[in-house]
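# Structural features, examined
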Amino acid sequence: MGFARTCSVALVGVEGVVVEVQADLEPGIAAFTLVGLPDKSLTESRDRVRAAVVNSGGEWPQKKLTVGLSPASVPKAGSGFDLAVACAVLGAAERIDPRALADVVMIGELGLDGRVRPVRGVLPAVLAAADAGFEQVVVPESAAAEASLVPGVSVLGVRSLRQLIAVLTDEPVPAEDPDEPGRPGPLLAGLRMPGAGAATGMHGLHAVYGQGYDLADVVGQISARTAVEVAAAGGHHLFLEGPPGAGKTMLAERLPAVLPRLVREESLEVTAVHSVAGLLPPGKPLIDVPPYCAPHHSATMQALVGGGAGIARPGAVSLAHRGVLFLDESPEFSSRALDALRQPLESGHVVIARSAGVVRFPARFLMVLAANPCPCGRFSLRDTLCECPPSAVRRYQAKLSGPLLDRVDLRVEVEPVGRAELARRGAAGESTATVADRVRAARERAAARYAGSPWRTNGEVPGRELRSRFHAVAGAMDEAERNLERGVLTARGLDRVLRVAWTVADLVGHDRPDAADVALAVQLRTGVPRGVPMAIGALT
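It should be emphasised that the depicted structure is a prediction, and the values quoted were computed from it without experimental measurement.

### Describing the overall build of the protein chain
Looking only at helices and strands, one finds 22 helices and 16 strands in the protein chain. Taking all 540 residues of the protein chain together, 51% fall into the buried category. For the protein chain, the proportion of contacts with a sequence separation of at least 24, taken over those separated by at least 6, is 71%. For the protein chain, the accessible area works out to roughly 23700 Å², and carbon and sulfur atoms hold 53% of it.

What follows is the structure, given as structure tokens:
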């Protein structure tokens, strides 16, 4: 009887569970049994592994073979167990010393010719292995850079099963034929899901940092530009309402470039989610810029918050983690999909319950809603160009529920741009670089204030902490409290006004919010003009 074991990782959402892959050979009729709650793609690994071993020059054992995946209670999906199964079988057949396999984690799919193909979720899998105390990991060569992001783990990238066998048996490592230059690499196909970029709006992930996305290109819109700056500085959600062509999409596309770059911990969180989703940019294993996700308004609730058949997949709210989720034409989204955003907006994560188990995805994002004032987009109190009946206008505006809008800190009406503003020369607004410097300084002030606490931005601080520990200047909140008594603000709205006031104070350099800072916060919250200068520079 031969026995060998090695390890791999099963992913449950973006969290990994180390799985022990055991192979047992016994005399009897040649058979291959795979146990341990595998899914369809994992069950098919029996044929892939057998062909890969034979085509790699190995001899397939003609005995009764049982491969067990432990713990058996954890659902296991995907083809990333192929490499571990093949090595466990070869260890049981004594082609490889079983002692060389026991403390190694192996992740990778095998082709029929023995090549090792990449799989999604390498980074969270290696993170799980490191947390479990493993120090040696074997991954496909094309995913070695992603696995190397985890400190304290020795990563071996292999191109084929032949190379791995040679390394484990101290034999000369055979050279594999390199890919022809100029031809697409077939091994990279496992890193991306077909069509996933276009379906989720992630195809422009890094375009927001290109030359064509500068705030200086936005003509006029002082109120909207101020709202974008405040949203970036404090992590506040934003609602832009205005007619078509006023610049709502332009402002949203320029918001990610105003946000500070991700720190190391945030980069690993974002990269892990995108790795599981198969959306890592080619040649860039670490995402260090805030992501930008703009799903189409036909997206389902599962596409927004995550889910799907079988093991749940991350949705748009998780793909926008630590970045921007832009919902253009937001009233056209289904009401169920929009209302499903309430929980992640408050908690910063999504919990999805399925029959196969419960999955938790991170979802701390900055939401930007954009909407027209009516179905035709021309409704205004200053003219009569709108042809929509009042009932249609009310029905259209009611598609955004009150509880959802109550979680939005900033509401700004984007006015149409006139000919005089478009023709004006030499009076461009501040550039993205200028605003980003001010946002970075404001975030540093907030981080120093919240040092030693779990919060880093004003938008994350609970209301009870703001009221008990972080007070505004005496009398500064009087007008906001009167709005609460009149029903203009809810209790949650009052807390959010105080959060925004702290962000405004950080931007202008005040130690505590004064009456002007709170008045601007109330104006940005309610959308009602209160005679406060909208430009941040006017408050300094």
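Here the narrative resumes, following the displayed structure.
### Points about the pairing of strand S4 (residues 64-70)
Bridge analysis of strand S2 (residues 15-26) against S4 gives seven bridges, and the strand direction is antiparallel. Considered in S4, the bridge of Val21 is made with Leu69.

### Observations concerning the pairing of strand S12 (residues 324-327)
Each regular strand shows side chains that alternate between the opposite faces of the sheet. Along S12, one buried face is formed by Val324 and Phe326 and the opposite face, lined by Leu325 and Leu327, is buried too. Strand direction decides the pairing type here: strand S11 (residues 292-293) and S12, joined by two bridges, are parallel. Residue Cys293 lies in a different strand from S12, and its bridge partner there is Leu325. Pairing geometry for S12 and strand S15 (residues 366-371), over four bridges, is parallel. Residue Phe326 lies in a different strand from S15, and its bridge partner there is Val368.

### As for the sheet that holds S15
Remark on secondary structure: sheet strands pair via backbone hydrogen bonds, oriented parallel or antiparallel. What the five strands build is an open sheet, ordered S11-S12-S15-S10-S16; its pairing is parallel. Edge positions in the sheet fall to S11 and strand S16 (410-413), since each of these pairs with one other strand and no more.

### Brief notes about the nonpolar core
Of all hydrophobic cores here, the largest spans 56 residues; its most connected members are Val230, Leu238, Val368, Val518 and Leu524. No other element matches helix H21 (residues 491-508), which puts nine residues into this core. Those residues in contact with Val230 that lie beyond four places of it in its chain are Gly235, His236, Leu410, Val500, Thr503, Val504, Leu507, Leu524 and Ile536. With 38 residues, the next largest nonpolar core counts Val21, Trp60, Phe81 and Val116 among its residues.

### Regarding the packing of helix H4 (residues 122-131) against helix H10 (residues 264-277)
H10 packs onto H4 with a crossing angle of 120 degrees between their chain directions and a minimal axis gap of 7 Å. As judged from the angle between their axes, H4 and H10 are oblique. Here Val122, Leu123 and Pro124 of H4 come into contact with H10, specifically with Leu268, Thr271, Ala272, Ser275 and Val276. Its residues placed into classes, the contact of H4 with H10 shows six nonpolar, two polar and no charged.

### Some details on the confidence of the model for the protein chain
For the protein chain, the mean per-residue pLDDT works out to 87, and 89% of the residues sit at or above 70. Considering each helix and strand of the protein chain separately, the mean pLDDT is smallest for helix H7 (residues 196-200), with a value of 43, and largest for strand S5 (residues 104-106), with 97. In this model residues 193-200 is a low-confidence stretch, pLDDT under 50, and it forms 13 contacts with partners more than four residues away in sequence or in other chains. Segment residues 203-208: pLDDT under 50, and 15 contacts once partners within four positions in sequence are set aside and those in other chains are kept.

### Focus: the packing of aromatic side chains
On inspection of all chains with the given rule, the structure shows five aromatic pairs. Centroid distance Tyr450 to Trp455: 6.4 Å. Interplanar angle 90 degrees. Geometry classified as edge-to-face. Taking relative accessible area as the criterion, Trp455 reaches 14% and is therefore assigned buried. Relative to Phe470, the ring of Tyr450 has its centre 5.1 Å away and its plane inclined at 90 degrees; by these criteria the two rings are edge-to-face.

### Side note on the pattern of salt bridges
Taken as a whole, this structure holds 29 salt bridges when the rule is applied. A salt bridge links Glu171 to Arg95; the shortest N-O distance between them is 3.5 Å. Here the residue Glu171 occupies a position in the loop between helix H6 (161-168) and H7, and Arg95 occupies one in the loop between helix H3 (82-92) and S5, the gap between them amounting to 76 residues. You can call Glu171 partly exposed: its relative accessible area is 37%. Residue Glu229 is joined to Arg438 by a salt bridge in which the shortest nitrogen-to-oxygen separation is 2.6 Å. Of this pair, Glu229 sits in helix H8 (residues 222-234) while Arg438 sits in helix H18 (residues 432-449), and the two are 209 residues apart along the sequence. One connected set of salt bridges, linked through shared partners, spans Glu346, Asp406, Arg407, Asp409, Arg492, Arg496 and Arg525.

### Notes on the side chain of Asp506
Here Asp506 is to be found in helix H21. Taking the relative accessible area as the measure of exposure, Asp506 reaches 2% and is therefore buried. The contact partners of Asp506, leaving out residues within four places of it in the chain, are Ala442, Arg445, Ala446, Arg449 and Asn458.

### Some details on H4
Counting buried positions along H4 yields seven of ten residues, so the element is predominantly enclosed. Those residues of H4 lying buried are Val122, Leu123, Pro124, Ala125, Val126, Ala128 and Ala129. Each element contacted by the buried residues of H4 is listed here: strand S1 (2-12), S2, S5, strand S8 (136-140), helix H5 (144-147) and H10. Downstream of H4 by a residue or two, Gly133 has a phi angle that is positive, lying close to 95 degrees.

### Brief notes about the packing of H8 against H18
At a closest axis distance of 8 Å, the pairing of H8 and H18 adopts a crossing angle of 40 degrees. Relative to H18, the crossing made by H8 is right-handed. Contacts between H8 and H18 involve Glu229, Ala232 and Ala233 from the former and Val435, Arg438, Val439, Ala442 and Arg443 from the latter.

### Section: the environment of Glu346
Locating Glu346 in the fold gives a position in helix H14 (residues 342-347). Sequence spacing of Glu346 and Pro462 is 116 residues, and the spatial spacing of their C-alpha atoms is 9.8 Å. Those residues within four positions of Glu346 in sequence are excluded, and the remaining contacts are Arg407, Arg492 and Arg496.

### Focus on unusual backbone geometry
Following Ser70, the chain continues into Pro71 via a peptide bond in cis, with omega recorded as 10 degrees. When you line up the elements, Pro71 lands in the loop between S4 and H3. Backbone geometry at Leu37 places phi at a positive 65 degrees, although glycine is not the residue there. Examined against the element boundaries, Leu37 turns out to sit in the loop between strand S3 (31-35) and helix H1 (40-43).

The rules behind the values
- Residues numbered from 1 in each chain as written.
- Predicted model: local features only at pLDDT ≥ 70, side-chain atom pairs only at ≥ 80, totals over all residues.
- Heavy atoms only, no water.
- Helix = DSSP H or I, 4+ residues; strand = E, 2+ residues; numbered from the N terminus.
- Buried < 20%, exposed > 50% of the residue type's maximum accessible area, 1.4 Å probe, protein only.
- Contact = heavy atoms within 4.5 Å.
- Areas by Shrake-Rupley, 256 points an atom, 1.4 Å probe, with all protein chains shown as cover.
- Pairing = 2+ DSSP bridges.
- Core = buried A, V, L, I, M, F, W, Y, C linked by side-chain atoms within 4.5 Å.
- Axes fitted to C-alpha atoms, helices over the stretch in contact; angles between N-to-C directions.
- Parallel < 35°, antiparallel > 145°, perpendicular 65-115°, else oblique.
- Nonpolar A, V, L, I, M, F, W, Y, C, P; charged D, E, K, R; others polar.
- pLDDT = per-residue confidence, 0-100.
- Phe/Tyr/Trp six-rings, centres within 6.5 Å; stacked < 30°, edge-to-face > 60°.
- Salt bridge = Lys/Arg side-chain N within 4 Å of Asp/Glu carboxyl O.
- Left-handed = near helix turned anticlockwise from the far one by under 90°.

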